Structure formats: structure tokens, C-alpha cells
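These are the residues of each chain, in order.
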Amino acid sequence: MICRFAISIGFLVTLASAALAASEVRLPLDSNPVSIDPQKLNESHEFQVAEDLFEGLTTVSAVGVVVPGTAEKWETSADGLTWTFHLRLDAKWSDGFPVTALDFVRSFRRAVNPATASPSAAALEPILNAKEIASGAERDPALLGVGAVDDHTLKIRLNDPTPWLPLLLTHFAAMPTPQRTIEEFGDQWTLPEHIVTNGAYRLGAWSPGSELTLVRNPYFHDAASVQVETVRYIVSKPGGPGALARFEAGELDVAAVTGKDIRIAEKRHLGNRVVQRELATAFLSVHFARGEMADERIRRALAMTVDRDYLIKNVAQSHRLPAYSLVSPVMRGYTPQTARWASEPTTTRAATARRLLAEAREGNPLPLKVQLTFIANGNSAQMTAIAQRWRSTLGVDTDLLGLSTEEFLERIAAHNFELAAISWDPDFADPWSYLADYRSDSGAANFGAYADPLFDHLLDQSKQAGQDSVQRMRLLEAAERRLIDNEAVIPLRFGVVDFIVNVHLKGWASSPLARHPARYLRIEGAPRPSRRSSSAASCAVQLTDGMIAPVASLVSPGGLMIATRCFRCTLRARLNQPQRS
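Residues numbered from 1 in each chain as written. Predicted model: local features only at pLDDT ≥ 70, side-chain atom pairs only at ≥ 80, totals over all residues. Heavy atoms only, no water.

Caption draft 1: Highlighting the sheet that holds strand β4 (residues 71–76). Within the open sheet, the 4 strands sit side by side as β4-β5-β7-β6. Their pairing is antiparallel. Looking at strand neighbours, the two that pair on one side only are β4 and β6 (146–150), the edges of this open sheet. Pairwise comparison of adjacent strand axes, ignoring direction, gives a mean angle of 25 degrees for this sheet. Note: β6 against strand β7 (residues 153–157), 4 bridges, orientation antiparallel. (Pairing = 2+ DSSP bridges. Helix = DSSP H or I, 4+ residues; strand = E, 2+ residues; numbered from the N terminus. Axes fitted to C-alpha atoms, helices over the stretch in contact; angles between N-to-C directions.)

Caption draft 2: Structural view of the pairing of strand β1 (residues 24–29). β1 sits mainly inside the fold: 6 of its 6 residues count as buried. On β1, burial covers both faces: Glu24, Arg26 and Pro28 on one face and Val25, Leu27 and Leu29 on the other are all buried. In terms of strand pairing, β1 meets strand β10 (residues 230–235) through 6 bridges, oriented parallel. Each residue of the ladder has a partner; that of proline 28, found in β10, is isoleucine 234. (Buried < 20%, exposed > 50% of the residue type's maximum accessible area, 1.4 Å probe, protein only.)

Caption draft 3: Region of interest: the packing of helix α11 (residues 346–360) against helix α12 (residues 380–394). Remark: α11 packs on α12, axes separated minimally by 10 Å, with the N-to-C direction vectors making an angle of 75 degrees. The orientation of α11 with respect to α12, classified from their angle, is roughly perpendicular. Within the contact between the two elements, α11 uses Thr346, Ala350, Ala353, Arg354 and Leu357 and α12 uses Arg389, Thr393 and Leu394. Split by residue class, the contact of α11 with α12 holds 4 nonpolar, 2 polar and 2 charged. (Parallel < 35°, antiparallel > 145°, perpendicular 65-115°, else oblique. Contact = heavy atoms within 4.5 Å. Nonpolar A, V, L, I, M, F, W, Y, C, P; charged D, E, K, R; others polar.)

Caption draft 4: Structural detail: helix α13 (residues 405–413). Within α13, burial applies to Phe408, Leu409, Ile412 and Ala413. One side of α13 holds all its buried residues, which, seen down the axis, span an arc of 130 degrees. Immediately downstream of α13, the backbone of histidine 415 shows phi near 60 degrees, a positive value. (Arc of directions from axis to C-beta.)

Caption draft 5: Just empty space enclosed by the protein, in detail. With the rule as written, the count across this model stands at 4 cavities of 30 Å³ or more. Of the pockets and cavities examined, the largest cavity occupies roughly 120 Å³. Lining the largest cavity are 16 residues, and of these Glu51, Phe54, Glu55, Thr59 and Arg519 sit closest to its centre. Those elements that provide at least two residues to the lining of the largest cavity are α2 (44–53) and β2 (58–60). (1 Å grid on protein atoms, 1.4 Å probe; cavity = no way out; pocket = protein on both sides within 12 Å on 5 of 7 lines; lining within 4 Å. Points joined across faces, edges and corners; volume = space filled by probe spheres on them.)

Caption draft 6: Spatial organisation of the pattern of salt bridges. What the rule picks out here adds up to 28 salt bridges. Among the ionic pairs, glutamate 24 bridges to arginine 232, the shortest N-O distance being 3.4 Å. One end of the pair, glutamate 24, is in strand β1; the other, arginine 232, is in strand β10, and 208 residues separate them in sequence. Glutamate 24 gets classed as buried once you look at its relative accessible area, which sits at 6%. Here arginine 300 makes a salt bridge to glutamate 487, at a shortest N to O gap of 2.9 Å. Remark: glutamate 487 occurs in the loop between α16 (470–485) and β16 (489–501) and arginine 300 occurs in helix α9 (residues 296–304); sequence separation between them is 187 residues. Members of the salt-bridge network, linked through shared partners, are Glu24, Arg26, Glu211, Arg232 and Asp253. (Salt bridge = Lys/Arg side-chain N within 4 Å of Asp/Glu carboxyl O.)

Written out as C-alpha cells, the structure reads:
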């Protein structure tokens, strides 16, 4: 028996070696990209491809830390309003032409030009006049606070101090695009035969609905360190029934999987997995101006009686990552502010919640009725469990309103809800990206109508501190404390994604922003077989802290985070539409 087991493992490892070509990596893509134009992206899988093709002034490391990109260095004025970026002298487009500061000026202007209809234009609002130009209030794009001093020096002027600007500039809205190519080919400029890029790769082929092939860009300034010659992005639904099969057949070197497939992988001795804890947070947004939701006691009673552990363990069957704060604990250098009652026993919470609800509704004999709006796909069981808990503990009647994604987004943008289930991915790895939308002057983006002068003041103070300042983080923590104490949101759980990774593929690190640039990947210990190999593949796992763990020690997440993965970008795009402004 022992000999048979050893032979089977050895055989699978041999097949794994044969499955991974040393010059090619096959990666999954959630869906077929609608666009790979950086200024027109709207989905995370589109950014996944664009990040390999284009490089902004700054970029991220393999573990999601901001590092120099096309700009090799930068400095800030004493008042924090002017940033000067120095471009690399060897920065080039994939056709060999130099990347200049003027290329960035034109790209930033294109991003905020209403004619471009960029869904991500709002990301650039810290830049002077960006918001006014994007809204049409200012028609002269030359007034945008971005200018070229010379070919290799770019100045960016801001409305207010923005210490997180280097993080923001890793966003796809800030990536450069080749103006001459766009002018020549118009909307066709991203076709393989036309596209010009400045990233580690260039587009070799694109079969819509099937796959994209990227090839190493020899003109990239750091081309010598790019070890994978070809990247094939293959459309493969995350967690879908085919993901594991395609991985096992050698068609994919990485696969996002569900708990059921993890158990199958373990049974077949396919190996381990990567557990990626992300910055995303699932929560119930509370509309402050809607009926009885205006009473903090009612909001707290509802928040206290959500059984997060039950939802995670028995409904979603996911990792034990209950959330009692808005900002994820994955955020570096920051201490999330959890609800003050989070450590209390369930029975104590329930008793306090009943007392708060009775005090708030004294003299009203009718049961409290609330409406909970959510995206029906994958979320119904969890929302039903929340409603049942409120009913059994507080006697609350919940109207469950499950909608399509489109209908849900329309209601949120129109502020037509009481409670709404949302999964929020920050634009960049900074607490500001979680908190800024709750400012009282955030307009349509503050869809819960939260208003607190002290919260606003704390955010204003944080902008005066330096990017690496401990004081800045403490101010942001104080702001989140106000938000949590006011029960502005009801946090549910933090994001987790599971991957199976071929044992020979290195550099696939756990990234809190779920960004895995192919330039950091490498292949170790594998021969160079035909790309048609269909043999089984082994896999490896790396936790956030770098430890290795077996498949059996972990459980996969449910569908709550997946269902609204791109909610932030899509909602922002809708909020930026003229009829919503």
C-alpha cells in the first residue's frame, strides 16, 4: 500500500513537470475583457491584463506594495500640493519610441475628457480641475493640473494634499496610452496588429471569449528581469466546475477554486493552495435618511444580532473571517476599528439589542419592518439567514429584495434602499479609499447619506500628514472609529480567494489587492514540453504571511464576495453618469 501511494505521487509530480513550459504560463481570466484600454476599463479582469501591458508612473510589487514604475523617483512640495515625477531615461513603448512626460499629460487629459466616457475618471479627482473637466463644468483640458516640464519630468498639481498619490497612480486610470496610435486607429487601436504598450508585455493575439496571448516586451525598461516569455490568459470562470478540470489537465497553471474542488484536489493528491486574504469587505450599508434607520439604537440592534460566525461557517462555508470593522485587517500599518460590542457573548449582545430596540420604538406596538436589498446571484441564502436571525432575536420583519446586478446598482445610485448588501474593493491599498466616500460632501458616492462633522474633520486632518506618518494612520483610525460607533455600516466578512498554483510556478504571492503582475512570475524545475500537454498538475500554497499549509487545513469561501467583485468600479461609473450627478 505504501509503495503504491509513493508511485502515484511520483507519477503526478512528473506530470506536473511536464505540464508547465518554462517559457509560457497559463493564467485564468474571469471573463472576456470588453476593453483593454486603460482609460475605459470597468472590471477587475480587464485590469489584470492591462497591468501586464501598461505601466503607470508608479506600480506595485509582487506583494502589492507601491514601487517606482515608469517614474524612477519623485518629490513633493512643502505644502503637499505639487508632485514632481522623474521618468526613466530608458522608458520606451513597445515600438521602440520613448515614453515622455507629454504622453502622460495627454493620457491624463484623455481620462477626464467627458468624450472618453471613462468609468474611472473619478479616481483622478484629487488632481487640480479633474472633477470640473470630467463633469463638463470646465471645458479647457489644458487646465488639468498635469504638465510636462521636459521630456522626462512631469508635474502634478492637486486640489488638496494627497499623501496616498503614489498608490493612486498605480490605478489603471493613470496608465499612459499612445496618443499617436489612438489618433491613427481610433477605437481599433487595441487590436493586436495596432496596439502599442509600455509594460512588461505586448499583446500577441486575442481570441474573444477564449484567450489573450501576451509576449514579453523587449523594450520594457526592466525586460532583463522578466522571466516568462509568453502569458496566455484563458477565460475561466472562478470557482466554476471547469476550473479544477482545466488545471488538472494542464490547461491552467493557476485556478481559482471553491471548497468542493479543494477537497477533490486533496483526494487526488494534486497538492496545496494559495489562500489570499484581500482588502475587500462585505457589509450592509445603512441609509441614514430612511425611516427608522435614522435612529442609532435601531442600527446598533440590527448590527449586534447578525450572527457572522453562523453565516461564514454554515451558510457561506468559508474561512473564519467575520468582520466588525470596515477597513480590512490586511491593511498594512493600520489598526481596524472594531465594534465596541464585538467581544461580547452572543446572549449579551441579543439582550442589549432587544433593550435598544424597545427604547427606540417605545409606544409603537407594531414590529419593526426593514427592507434588505441585495444581488440575488449567490447571496440569497445569506440574506435569508440574516433575516431569520433578526426575526428570532428581535421580532423584526424583513422584506428581502433580491435583484439583478443592474437593478441593484440602479437602486443604490438612486439612494433607493434602507439596507443594502455590498462588497467593497478599495481603489488602492490605503484606509482613505474605504473612508472618503462617507464624507458629508461626497455627493452621490455617499449613497448611505452619512453625515458627521467630526468624521469630516478627522479626514481633513489626515490629509495634512505625510504618507508614511504614524499620525496620519491614527487620524484615519479615529475617523473609522466614528463611523463604526455610529453604526454607519454593518460589517459582515472580509474577502478571501483560493487558488491552486502549479508547484513549478513561483512568484504568485498573496496580494491584498488581488494583483499578480506576470512580470514577477518565474518557472523553476520544469522542462519545456509542448504547449498541448494535457497532463495533471501539482500545486503549491502560500499564505499571506508566507507560511505553507496543506489543503486539508483550510476551507473555501462562499459566494458573497464573488457576486459583487466589481461593484465599486461599476457603481462609480453609474454615479458619474450625467443624470446621476
